[in-house]
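Chain residues, written in single-letter form:
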Amino acid sequence: MSDIRVLVSGASIAGPALAHWLRRRGAEVTVVEQAPGLRPGGQAVDARGVAKEVIRRMGIDEAVRAACTDTAGAYTVDADGNVLETFRAEDDGGDGYISEIEILRGDFSRVLYDDTSDSVEYVFGDRIAELTQDADGVDVAFASGDRRRFELVIGADGLHSALRAMVFGPREQFVRHLGLVLAFYTVPNEFGLDRWLLDYQEAGRSAGLRPVRDATRAIAMLSFPAPDFDIDHRDIEAQKRLLRERMAGFGWLTPRILDHLDDTPDFYLDQVAQVVMDRWSSGRVGLLGDAAFSASPMSGAGTGLALVGAYMLAGELAAADWDPAAGFAGYQERMRSYVEANQEIGRMHVHMLAAPDPGAEPSPEPDPDAMTALIERAVNGPELPDYEHVPDYGTTTGRPPTPAARS
Ligand SMILES: Cc1cc2nc3c(=O)[nH]c(=O)nc-3n(C[C@H](O)[C@H](O)[C@H](O)COP(=O)(O)OP(=O)(O)OC[C@H]3O[C@@H](n4cnc5c(N)ncnc54)[C@H](O)[C@@H]3O)c2cc1C
């Protein structure tokens, strides 16, 4: 093993996935998460194309598939519930609108945590308060008062990344609001849903319901336009008020869905936004996942980007013998086009959902060849290097390095 110590901030998707790969490349990893435990909630997240290959290489394919949602497909419906369009999970080779690997975000986070918890140090209920870099390392002061030194620090702390603000600049510099707000929460399945997701859209707003595995519960999904969004992302009561206000009068099953706002066990609401940065690193500090390059939930690719990014970041750093400048540069070069393609798709989806402006010129039809190339870049993304000359200490949780490890 190397004597490289890496601190990762955030234990959702990007953080534990990176911990897996850093560990396999020989680093000692600490993950700090400000929440008191793994955060439940969110709706389903998808892994398509190249992200499925990363899951396979992580050796967690079976655990992920066992926790998948088992969704058969999606229907778009009108206000009376009549089906307008049907999308099946097997469409587009399992990489379509409802993808073959679709897993509740909280369940996926749990799979990644279970995979790494024996070999990685997790610190819950704490966060980085301050850090100072020098040529050889980073001194970190935690909010709890602890002080420790690491060779590298990675922010996987999401769209509102505190580490990004600390090292790179205020969020306004990087976060681009796309004019939409999304909310997800669990409701009882009193709607008779089976394995099909239902989606109703009208004049820029949308409401949907997705059954979860045991069929006693469903996840409600609501969205509304909001050109300015300045609500505190931690103030749940204010968010629920806003949701009630903005979804008032919306048809289909929406009033019944809103009736469960006060008894839901989880609630997630956030602006649909992207993060655009020229560089995802500064000295010995790097960023990954939504913190670095959120493509927004409308891209359907946040998880894929986090997984592929984790593979590349650990691989490139180890291939550069943990030299931060070379490692971060390699990571950025390999990921850039994949990130940009998914961000473009995220913006297109927001645009499609927006209420048509009667006075506006109709948008030109997209060029089908250019669309195919864009989707290919967004799904199959970059080629995954094998990192043949980089150590690999195996996939099994907590197993000590084996002689089979390549070096
Ligand atoms: C509760 C929750 C629900 C979500 N629901 C959906 C959804 O339904 N659909 C969807 O497309 N995407 C959802 N997302 C976002 C989705 O998980 C990401 O787009 C994607 O998987 C990339 O994940 P990430 O790990 O980069 O960021 P995130 O999943 O946003 O995770 C960031 C993590 O960092 C932690 N954190 C934040 N600040 C600090 C700090 N200062 N110190 C330490 N830790 C910190 C957070 O608590 C969180 O665990 C959700 C995220 C969360 C946290």
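The structure we're discussing is the one just above.
Residues numbered from 1 in each chain as written. Predicted model: local features only at pLDDT ≥ 70, side-chain atom pairs only at ≥ 80, totals over all residues. Heavy atoms only, no water.

**A closer look at the sheet that holds strand 2 (residues 28-33)**
Then comes step 1: An order of 7-2-1-11-18-17 is seen for the six strands of this open sheet, with the pairing classed as mixed. Either end of the sheet is taken by a strand with one partner, and the two such strands are strand 7 (121-124) and strand 17 (281-282).
Then comes step 2: Note that strand 11 (residues 152-155) and strand 18 (residues 285-287) share three bridges and pair parallel. Bridge pairing links Val153 to Val285 in strand 18.
Then comes step 3: Against the sheet, helix 1 (residues 14-24) engages strand 1 (5-9), strand 2, strand 7 and strand 11, with an angle of about 170° to strand 2. (Pairing = 2+ DSSP bridges. Helix = DSSP H or I, 4+ residues; strand = E, 2+ residues; numbered from the N terminus. Contact = heavy atoms within 4.5 Å. Axes fitted to C-alpha atoms, helices over the stretch in contact; angles between N-to-C directions.)

**Regarding the pattern of salt bridges**
Then comes step 1: As enumerated under the stated definition, the model contains 14 salt bridges in all.
Then comes step 2: For Glu190, the salt bridge is made with Arg256, and the minimal N-O distance between the two is 3.4 Å. Here Glu190, found in the loop between strand 12 (175-188) and strand 13 (196-202), pairs with Arg256, found in helix 7 (residues 254-258); they are 66 residues apart in sequence, far enough to count as distant.
Then comes step 3: With a closest N to O distance of 2.5 Å, Arg334 and Glu316 form a salt bridge. Taken together, the residues Arg334 in helix 10 (residues 324-353) and Glu316 in helix 9 (residues 302-319) connect sequence positions 18 residues apart.
Then comes step 4: The exposure class assigned to Arg334 is partly exposed, which follows from its relative accessible area of 37%.
Then comes step 5: The class of Glu316 is buried, set by a relative accessible area of 10%. (Salt bridge = Lys/Arg side-chain N within 4 Å of Asp/Glu carboxyl O. Buried < 20%, exposed > 50% of the residue type's maximum accessible area, 1.4 Å probe, protein only.)

**Overview of the side chain of Asp270**
Then comes step 1: Inspection of the secondary structure assignment puts Asp270 in strand 16 (residues 268-275).
Then comes step 2: No salt bridge is formed by the buried Asp270; its nearest oppositely charged neighbour, Arg171, is found at 6.0 Å.
Then comes step 3: Side chain to side chain, Asp270 and His160 meet in a polar contact 2.9 Å long. (Lys, Arg positive; Asp, Glu negative; His and termini not counted. Polar contact = N/O pair within 3.5 Å; in protein donor to acceptor, adjacent residues only side chain to side chain.)

**Remarks on the sheet that holds strand 8 (residues 128-133)**
Then comes step 1: With antiparallel pairing, the three strands of this open sheet are ordered in space as 8-9-10. Here the strands that pair on one side only, and so sit at the sheet edges, are strand 8 and strand 10 (147-150). For this sheet the average axis-to-axis angle between neighbouring strands, irrespective of direction, equals 25°.
Then comes step 2: Of the pairings in the sheet, the one linking strand 9 (residues 138-142) to strand 10 comprises four bridges and is antiparallel in character. Its bridge partner being in strand 10, Ala141 is matched across the sheet by Arg147.

**Digging into the side chain of Ser296**
Then comes step 1: Mapped onto the fold, Ser296 is located in the loop between helix 8 (290-293) and helix 9.
Then comes step 2: For Ser296, the contacting residues outside a window of four places in its chain are Leu178, Val272, Ala273, Gln274 and Gly346.

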